[in-house]
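Analysis of the macromolecular model
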2 protein chains.
Amino acid sequence: MPSSRVTITDIARYVGVSPSTVSLVLRRKGAISEATKEAVHRAIDELGYVYDRNAANLRSRTTQAIGLLINDVRNPFFAELATAVQEASEEDDYLTHLLSSSENVARQSRYIRSLLEMRVAGVIVCAATGTDREALSPLLEREIPTVLAVRPLDVEGVAFVGPDNRKAGELVARHLLDLGHSDLAFIGGEPGNPARDARFGGFAAALEERGVGLNPDWVIDIRPTVTAGAIAIERLLERSPRPTAIVCYNDLLAFSASERLWAEGIAVGEDVALTGFDDLPLSRVAVPPLTTVDLKVHEIGRRASELLLDKLEHPGSEPQQVFLEPDLVVRRTCGSGCSPQNRPTQISEGEA
Amino acid sequence: MPSSRVTITDIARYVGVSPSTVSLVLRRKGAISEATKEAVHRAIDELGYVYDRNAANLRSRTTQAIGLLINDVRNPFFAELATAVQEASEEDDYLTHLLSSSENVARQSRYIRSLLEMRVAGVIVCAATGTDREALSPLLEREIPTVLAVRPLDVEGVAFVGPDNRKAGELVARHLLDLGHSDLAFIGGEPGNPARDARFGGFAAALEERGVGLNPDWVIDIRPTVTAGAIAIERLLERSPRPTAIVCYNDLLAFSASERLWAEGIAVGEDVALTGFDDLPLSRVAVPPLTTVDLKVHEIGRRASELLLDKLEHPGSEPQQVFLEPDLVVRRTCGSGCSPQNRPTQISEGEA
DNA sequence: TTGAAAGCGCTACCAA
DNA sequence: TTGGTAGCGCTTTCAA
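Under an unreviewed UniProt entry, the name given to chain A is LacI family transcriptional regulator, and the source organism is Rhodovibrio salinarum.

Here it is in structure tokens:
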């Protein structure tokens, strides 16, 4: 069995047909008789032929591939998004090239270039923190079909799919207010980050709506690293008076906040209420299980993929902006209102 | 500015040199005068040229790309591995094509085919559960440089980089024994899974070494899903007598086990000791912070990448088997021996 | 230090 | 239902 230099021409010769016929069989195009189809496939097996996508892409000047640029695969939220995009695009026979910038804008730019050089048909982008219009211009100038996911960006005429962050902020705030809290803190994220601003905006609006004051001492801005929650809690504990409920910018941050409170002997869910945003799989098995907002990542990924593939089939359509409705998920960190169906036993999937 | 149909020939004409000269400039090869280099780069900017990697790959019959096939990006352990591989291969100017099979063997096979069609130079594989020799044969038959990572497989002559799982098992068992425990349970993973068997093997050996009996009632086999820990704990609690220490197959499993124990009113770290394997970033901020074994994922990724790239530069070298030394990380779930440097405040990176 | 020409493996296009 | 031929955009090879 010859190594990987078997070409379509070899197959053609072997079967006794023309290269174009073999190509048609390979692509399931045109009307080819069952007999030749079979013969071609047999030859492929026998000669150990492997399709050369580089040659095909070059000649056809198209690819059946999209790029997915995400800010960090290590964040479970975005890993889930990536999985959803991969699955959805696979259904339409597109391959997803997944690249993780690790929040590094320079690396992100290199990856955009790579994607361009590969001639991907389109790109889905969860932009790294600090990305500006300029950074995306290689995509926009060449009019590569692009959809922004999760992280909105101040760029005109680009499609977007993400959560309704403002609504999410309102949801937690109202829940906490309904539980009788009126001393609410908001920790994590930095002003200027659109997701943080929208969540905080919804949060603040809900307070105002109920005539509850917002204590600026209880708003802690901090870059959302895995350790940030703990630091924010430390700062918060220095304040006097202290809040009775703490809204965290995301679940990851809530975990470290929760640990810090526990370490200080403050019982989360009893002495203080705590919430996150995202609803990671891990949030169900946190101790105590975290009350949070399901941002529908999987659906975001699916919709982003659908939007992009749709754009590829039907160019020239208006760029859509999709904001998915979030769901409040009440668990144990708020002390009450816990519904029994949120018990961990109910969880059904996810290999460890 | 013309769209992406600008070719090397256009650049050549614009500058007044030949296409081969432009090609040489692009690849930083040959001896080209500074003047022409500059002129070429200017032309590239002005005409908006984008290198066509498909054409280059076709002609040169090689690629500067490797494939990374992982079983699940949603598992933070493997997300970290992916990041490490990406970073390391980037240093050698290789692009990593990251594909996550989600533990689906059929999908994994499709991805292997895609990688082959892309003509990647080599592949790193974290095999999906259930993968056999046959599944990797497309790679092996064509002698594509391959290195298995994390998950060993019963395949002759293939390079491997992973943790020393047996050692890891010994480490936790000895720690627990040192703390005075003699009633130890082992939960999660299934016999036949090499990682589980090695960890369990080391665990059992350590008990035997100290003359401590192993109660089969306290060995719970279960597929390591996110919910498995809780289920295993439920089964364990039905037994009588009960163990005083519980070793979990991995950190994710330990989280749900921990939550379940908490829900039952059993204080982890006081009433019972609990440990995991992996040392995920989240394990430091779990409540209580999880005692576990650092399997050195990042280093595994880096070494796997180095091994592969080395193989690409120097073919014909013997396939190496690298087993990295694990480190015990003592935190709070064992009740004692907690060193202050494991406080969450010490964590230094990772965007949430 | 640069150029001319051939050709990588495939698909497009037209013809039969 | 199939075949012939040109050529996608690059690199290789050899020559100047």
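**A few points about the pairing of strand β4 (residues 146-149) of chain B**
Residue and element names in this part refer to chain B. Residues Thr-146 and Leu-148 of β4 are buried on one face, and the alternating residues Val-147 and Ala-149, pointing to the opposite face, are buried as well. With three bridges connecting them, strand β3 (residues 122-125) and β4 associate as parallel partners. Of the residues in β4, the one forming a bridge with Val-125 is Leu-148. With helix α7 (residues 133-141) bridging β3 and the parallel β4, this β-α-β connection has right-handed handedness. The pairing of β4 with strand β5 (residues 159-163) spans three bridges and is classified as parallel. Looking across to β5, one finds that Val-147 is bridged to Ala-159.

**Some thoughts on the relation of the copies chain B and chain A**
Laying chain B over chain A is done by rotating through 180° and shifting 0.0 Å along the axis; what remains is an RMSD of 0.0 Å. Classification of the inter-copy transformation places it as that of a two-fold axis. Considering only C-alpha atoms, the part of chain B nearest the rotation axis is Asn54(B), at 2.3 Å. A shared binding surface is used by both copies, with 97% of the interface residues of chain B retained as interface residues in chain A.

**Focus: the sheet that holds strand β6 (residues 184-187) of chain B**
All names here are of chain B. Read across the sheet, four strands follow the order β7-β6-β8-β9 without closing on themselves; strand pairing throughout is parallel. Here the strands that pair on one side only, and so sit at the sheet edges, are β7 (219-220) and β9 (273-275). Across two bridges, β6 lies against β7 in parallel orientation. When the bridges of β7 are listed, Ile-187 appears paired with Ile-220. On top of the sheet, helix α10 (residues 228-238) reaches β6, β7 and β8 (245-248); it is set at about 140° to β6, its chief contact. Each of β6, β8 and β9 is contacted by helix α11 (residues 251-263), which is oriented at about 155° to β9, the strand it contacts most.

**Remarks on the interface of chain B and chain A**
Put simply, an interface is often sized by how much accessible area is lost when its parts join up. Taken together, the 74 residues of chain B in the interface contact 74 residues of chain A. Summed over both partners, the interface of chain B with chain A comes to about 7100 Å²; 54% of that surface belongs to carbon and sulfur atoms. Arg107(A) is paired through a salt bridge with Glu90(B); the nearest N and O atoms lie 3.3 Å apart. Our count for the contact surface shared by chain B and chain A stands at 19 residue pairs in polar contact (both at pLDDT 80 or more). Every element with two or more residues in the side of chain B that touches chain A is listed here: α4 (53-60), α5 (76-91), β2 (95-100), α6 (105-118) and α11 of chain B.

**Re the packing of aromatic side chains**
Counting across every chain of the model gives ten aromatic pairs over all chains. Relative to Phe200(B), the ring of Phe186(B) lies with its centre 5.1 Å away and its plane at 80°, an arrangement referred to as edge-to-face. With Phe186(B) in strand β6 and Phe200(B) in helix α9 (residues 194-209), this pair connects stretches of sequence that are 14 residues apart. You can call Phe200(B) buried: its relative accessible area is 17%. Put simply, the rings of Phe186(A), Phe200(A) and Phe203(A) pair up and form one aromatic cluster.

**As for the protein's contact with DNA strand C**
Around DNA strand C sit 24 residues in total, of which Ile8(A), Ser23(A), Tyr49(A), Arg59(B) and Arg61(B) are the nearest. Near the protein, within 4 Å, the atoms of DNA strand C are sugar or phosphate in 69% of cases. Contact distances for DNA strand C include 3.4 Å between a phosphate oxygen and a backbone N or O atom of Asp52(A). Between DNA strand C and Arg61(B), the relevant distance is 2.3 Å, taken from a phosphate oxygen to a side-chain nitrogen or oxygen of the residue. Broken down by secondary-structure element, the contributors of at least two residues to the surface near DNA strand C are α2 (19-26) and α4 (53-60) of chain A together with α2 (19-26) and α4 of chain B. Here the surface near DNA strand C gets four residues from one element, more than from any other, and that element is α4(A). When its residues are assigned to classes, the surface near DNA strand C shows nine nonpolar, ten polar and five charged.

**A short note on the sheet that holds strand β7 (residues 219-220) of chain A**
Residues and elements named next belong to chain A. Sheet architecture is open: four strands sit in the order β7-β6-β8-β9, paired in parallel fashion. What marks the edges here is a single partner per strand, and that holds for β7 and β9 (273-275). Helix α11 (residues 251-263) contacts β6 (184-187), β8 (245-248) and β9 of the sheet and is inclined by roughly 155° relative to β9.

**Quick notes on α9(B)**
Residue and element names in this part refer to chain B. Taking 1.5 Å of rise per residue, 16 residues should cover 22 Å, and α9 covers 22 Å from first to last C-alpha, within 8% of that figure. Turning to α9, its buried residues are Ala-195, Arg-196, Arg-199, Phe-200, Gly-201, Gly-202, Phe-203, Ala-206 and Leu-207. Looking at the buried positions of α9, the neighbouring elements they touch are α8 (165-178), β6, β7 and β8. Of the residues flanking the start of α9, the one acting as N-cap is Asn-193, its side-chain oxygen 2.9 Å from the backbone nitrogen of Ala-195. Among the residues trailing α9, Gly-211 stands out with phi positive, at a value near 70°.

**Regarding the confidence of the model for chain A**
Keep in mind that low pLDDT regions are not for reading the predicted coordinates in detail. Overall, the prediction assigns chain A a mean pLDDT of 93, with 94% of residues at 70 or greater. In this model residues 337-349 of chain A is a low-confidence stretch, pLDDT under 50, and it forms 26 contacts with partners more than four residues away in sequence or in other chains.

**Here we look at the nonpolar core**
Ranked by size, the top nonpolar core spans 157 residues in total, and within it Ile187(A), Ile246(A), Ile187(B) and Ile246(B) carry the most contacts. Apart from the residues lying within four places of it in its own chain, the contact partners of Ile246(B) are Ala185(B), Ile187(B), Ile233(B), Leu236(B), Leu261(B), Val272(B), Ala273(B), Leu274(B) and Thr275(B). Formed by 22 residues, the second largest nonpolar core is a distinct cluster that contains Val125(B), Leu140(B), Ile144(B) and Leu148(B).

**Quick look at the environment of Ser23(B)**
Its location among the elements puts Ser23(B) in helix α2. At 2.8 Å, the side chain of Ser23(B) forms a polar contact with the side chain of Arg27(B).

**Regarding the protein's contact with DNA strand D**
Residues in close proximity to DNA strand D total 25 residues, the closest being Arg59(A), Arg61(A), Ile8(B), Ser23(B) and Tyr49(B). Backbone atoms, meaning sugar plus phosphate, form 68% of the atoms of DNA strand D positioned within 4 Å of the protein. A distance of 2.4 Å separates a phosphate oxygen of DNA strand D from a polar side-chain atom of Arg61(A). Within the backbone of Ile8(B), a nitrogen or oxygen atom sits 2.5 Å from a phosphate oxygen of DNA strand D. Only α2 and α4 of chain A together with α2 and α4 of chain B provide two or more residues apiece to the surface near DNA strand D. Considering each element in turn, the surface near DNA strand D owes the most residues, five residues, to α4(B).

**A few points about the pattern of salt bridges**
The tally for this structure, following the rule as stated, stands at 42 salt bridges over all chains. Across the salt bridge formed by Glu264(A) and Arg260(A), the nearest N and O atoms sit 3.3 Å from each other.

Definitions and cut-offs
- Residues numbered from 1 in each chain as written.
- Chains lettered and ligands numbered in written order.
- Predicted model: local features only at pLDDT ≥ 70, side-chain atom pairs only at ≥ 80, totals over all residues.
- Heavy atoms only, no water.
- Buried < 20%, exposed > 50% of the residue type's maximum accessible area, 1.4 Å probe, protein only.
- Helix = DSSP H or I, 4+ residues; strand = E, 2+ residues; numbered from the N terminus.
- Pairing = 2+ DSSP bridges.
- Right-handed = clockwise from strand over helix to strand, strands pointing away.
- Least-squares fit on C-alpha atoms with pLDDT ≥ 70 in both.
- Contact = heavy atoms within 4.5 Å.
- Axes fitted to C-alpha atoms, helices over the stretch in contact; angles between N-to-C directions.
- Buried area = accessible area lost by both parts, 1.4 Å probe.
- Salt bridge = Lys/Arg side-chain N within 4 Å of Asp/Glu carboxyl O.
- Polar contact = N/O pair within 3.5 Å; in protein donor to acceptor, adjacent residues only side chain to side chain.
- Phe/Tyr/Trp six-rings, centres within 6.5 Å; stacked < 30°, edge-to-face > 60°.
- Near = heavy atom within 4 Å.
- Nonpolar A, V, L, I, M, F, W, Y, C, P; charged D, E, K, R; others polar.
- Expected span 1.5 Å × (residues − 1).
- pLDDT = per-residue confidence, 0-100.
- Core = buried A, V, L, I, M, F, W, Y, C linked by side-chain atoms within 4.5 Å.

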